[in-house]
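# What the coordinates show
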Amino acid sequence: MDNDLITSTKEFLNEGEQSILFTTARPDVIMERGDGMFLWDTNGKQYLDFIGGWAVTCLGHCPLVITKALEQQSRELVNASPSFYNKPMIQFAKLLTESSCFDRVFFGSSGAEANEGAIKLARKYGSLYRNGAYEIITTINSFHGRTLATMSATGKKKWESLFEPKVSGFKHVPLNDIAALSKAINPNTCAIMLEPIQGEGGVFEVEENYIKAVRKICEEQSILLIFDEVQTGIGRTGTLFAYEHYGIKPDIMTLAKGIGGGFPLSALLTKEKFNIFEAGDQGGTYSGQPLAMAVGMAVVKEVIAKDLATNAQVQGNYILKKLNKLKTEFNLKDIRGKGLLIAFDLPTAKGSEIAFECFKEGLIINSPQPSTIRLMPPLIVSATEIDDMLQIISTVLKRVL
Ligand SMILES: *Cc1c(COP(=O)(O)O)cnc(C)c1O
């Protein structure tokens, strides 16, 4: 079909249904425009966005700093190839290493790609220093991405029998269970990989005692500790990186989602002593791509300059306080989270229905598990928008529960 002939929303949707490979059910709308906390569809309907592009648009939709960075960089250099340094790549790596406990950065385009890099780096470490150890321990209910290796790393029950044979070498243990972890370690173990707060799994946080014990075990047995901060990084939990909450430092950290503010970008960070890849071990055509580097740098600078981590903490606490006030009325359970990564459980498995009803009312929220609602708004959110969000949720809960 000639694209010029697709005019109405209905025709677009029909065409989409026929031309987009099915991977997920989508509502019958086409998103057209975004600004700050809001999205608009092609019918002009406005949505208050509490998923923020899936924990991605930390500065809200279409922030000026992204427009400016793209405009400026696209005039100077779009792509010289990964075989050359470019200025924004070096400046951005410097910003990230100066803002964290790490010394070295590898850039990619997605969270899964950064995690693949982390898995490869851990295996390289195992082959060089641990007699070929290659096993990586991850947690049940974790999420690490959708490539074959990261699906294998992911501790999602539903995925266990998918796309066999899986990449071997992953063991899954329950989160916050130090005995189970100790038991899973053997001479083949090269790394332990964790999300400081399981995001897709439904917002479950590591306990401070647990993660400190994990750090100690890793130290004693020369095992690497990998933090998957794809969702928790860049201010989301109230500190620039979630590891800062626990008084420990991982050996490797991966970032994506918020780091590009909506632009496809990810990073793997590590310490100087794990700068052990040889030429050709790791790479990617878009690693250090100048447009991505310019945008990422602009986004992270803005998050730091505006201290949006603190705003995440303040507004997150406000959401928790308000949710706790609704707790008895709607029989909500386990209101939890840190900063602007928040979830609560419903008395029944009506998560998708609640999310869909909110959507019809112009509010976007997420139900990561059948009875769980998750909120992950842009870090710029204010109390007014939080009040509006809770107003809609209350109305919908009254109706549905
Ligand atoms: C989203 C996510 C990923 C995967 O990132 P993609 O950019 O979708 O590949 C990996 N780990 C965590 C913790 C995530 O939340």
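Values in this document were obtained by computation on a predicted structure and should not be read as measured data. (Residues numbered from 1 in each chain as written. Predicted model: local features only at pLDDT ≥ 70, side-chain atom pairs only at ≥ 80, totals over all residues. Heavy atoms only, no water.)

### Thoughts on the packing of aromatic side chains
Cut-off, in case you're wondering: Note on aromatic contacts: the rings of Phe and Tyr and the six-membered ring of Trp form a pair at centre separations within 6.5 Å, being stacked when their planes are under 30 degrees apart, edge-to-face when over 60 apart, and tilted otherwise. Any residue under 20% of the maximum accessible area for its type is buried, any over 50% is exposed, and the rest in between are partly exposed; the area is computed with a 1.4 Å probe on protein chains only. In this scheme, Lys NZ or Arg CZ marks a charge over a ring once it lies within 6 Å of the ring centre and within 35 degrees of the ring normal.
Under the definition given, this model contains eight aromatic pairs. A ring pair is formed by Phe 241 and Tyr 243, whose centres lie 6.0 Å apart and whose planes are at 5°; its orientation type is stacked. Residue Phe 241 shares its accessibility class with Tyr 243, and that shared class is buried. One aromatic cluster is present, built from ring pairs that chain together Phe 102, Phe 241 and Tyr 243. One residue, Lys 271, lies across the ring of Phe 102, its end atom 5.9 Å from the ring centre.

### Comments concerning the site of the ligand
Our working definition: Think of it this way: one heavy atom of a residue within 4 Å of a molecule or strand is enough to make that residue near it. What qualifies as a polar contact is a pair of N or O atoms within 3.5 Å, subject to a donor-acceptor requirement within protein and to the restriction that residues adjacent in sequence count only when both atoms come from side chains. Strands here are runs of E lasting at least two residues and helices are runs of H or I lasting at least four, both read from the DSSP assignment and numbered beginning at the N terminus. Residue polarity is assigned by list, with Asp, Glu, Lys and Arg as charged and Ala, Val, Leu, Ile, Met, Phe, Trp, Tyr, Cys and Pro as nonpolar; anything else, Gly included, falls into the polar class.
With respect to spatial proximity, the complete set of residues near the ligand consists of Ser 110, Gly 111, Ala 112, Asn 115, Phe 143, His 144, Gly 145, Glu 195, Asp 228, Val 230, Gln 231 and Lys 257. Within the backbone of Ala 112, one N or O atom sits 2.7 Å away from an oxygen atom of the ligand. In the model, an oxygen atom of the ligand is placed 2.8 Å from a nitrogen or oxygen of the Gln 231 side chain. Per element, the largest residue contribution to the shell around the ligand is three residues, and it comes from helix H5 (residues 111-129). When grouped by side-chain class, the residues that make up the shell around the ligand number three nonpolar, six polar and three charged.

### With respect to unusual backbone geometry
The linkage connecting Glu 164 with the following residue, Pro 165, adopts the cis geometry, with an omega of -5°. Relative to the helices and strands, Pro 165 resides in the loop between helix H6 (148-153) and strand E6 (170-173). One non-glycine residue, Asp 334, lies in the positive phi region at around 50°. With respect to the helices and strands, the residue Asp 334 is situated in strand E13 (residues 333-338). For Asp 334, a relative accessible area of 40% translates into the label partly exposed.

### A word on the sheet that holds strand E1 (residues 31-35)
This is how the line gets drawn: We call two strands paired when DSSP finds no fewer than two bridges between them.
Spatial ordering of the open sheet is given by E1-E2-E3-E15, a layout of four strands whose pairing is mixed. A strand with exactly one partner marks an edge of an open sheet, and here the two such strands are E1 and strand E15 (363-364). Pairing of strand E3 (residues 46-49) with E15, which is carried by two bridges, proceeds in the parallel orientation. Bridging from a neighbouring strand, Leu 48 pairs with Leu 363 of E15.

### Some points on the sheet that holds strand E16 (residues 366-369)
To keep things clear, this is the line we draw: Note on method: axes are straight lines fitted to C-alpha atoms, helices fitted across the in-contact stretch only, with angles between N-to-C directions ranging 0 to 180 degrees. In what follows, a contact means two residues having at least one pair of non-hydrogen atoms within 4.5 Å.
Taken in spatial order, the four strands of this open sheet run E13-E14-E17-E16, and their pairing is antiparallel. A single partner strand is all that each edge strand has here, and the edge strands are E13 and E16. Adjacent strand axes in the sheet meet at a mean angle of 25°, parallel and antiparallel pairs treated alike. Across four bridges, the pairing between E13 and strand E14 (residues 341-345) is antiparallel. Bridging from a neighbouring strand, Arg 336 pairs with Ala 343 of E14. Its contacts with the sheet place helix H10 (residues 308-330) against E13, E14 and strand E17 (372-375), and it is angled at close to 175° to E13.

### Considering the pattern of salt bridges
Proximity of charged atoms lets side chains of opposite charge pair with each other. Selection criterion: Salt bridge, as used here, is a side-chain nitrogen of Lys or Arg placed within 4 Å of a carboxyl oxygen of Asp or Glu.
On inspection of all chains with the given rule, the structure shows 21 salt bridges. For the salt bridge of Glu 71 with Arg 75, the shortest nitrogen-to-oxygen distance reads 3.5 Å. A residue pair is termed a helical-turn pair when its members lie 3 or 4 positions apart in one helix, as Glu 71 and Arg 75 do in helix H3 (residues 64-76) at four residues. Of the charged contacts in the structure, one is a salt bridge between Arg 336 and Asp 334, with a shortest N-O distance of 3.3 Å. Several salt bridges share partner residues, and in doing so they unite Glu 357, Lys 360, Glu 361 and Arg 399 into one network.

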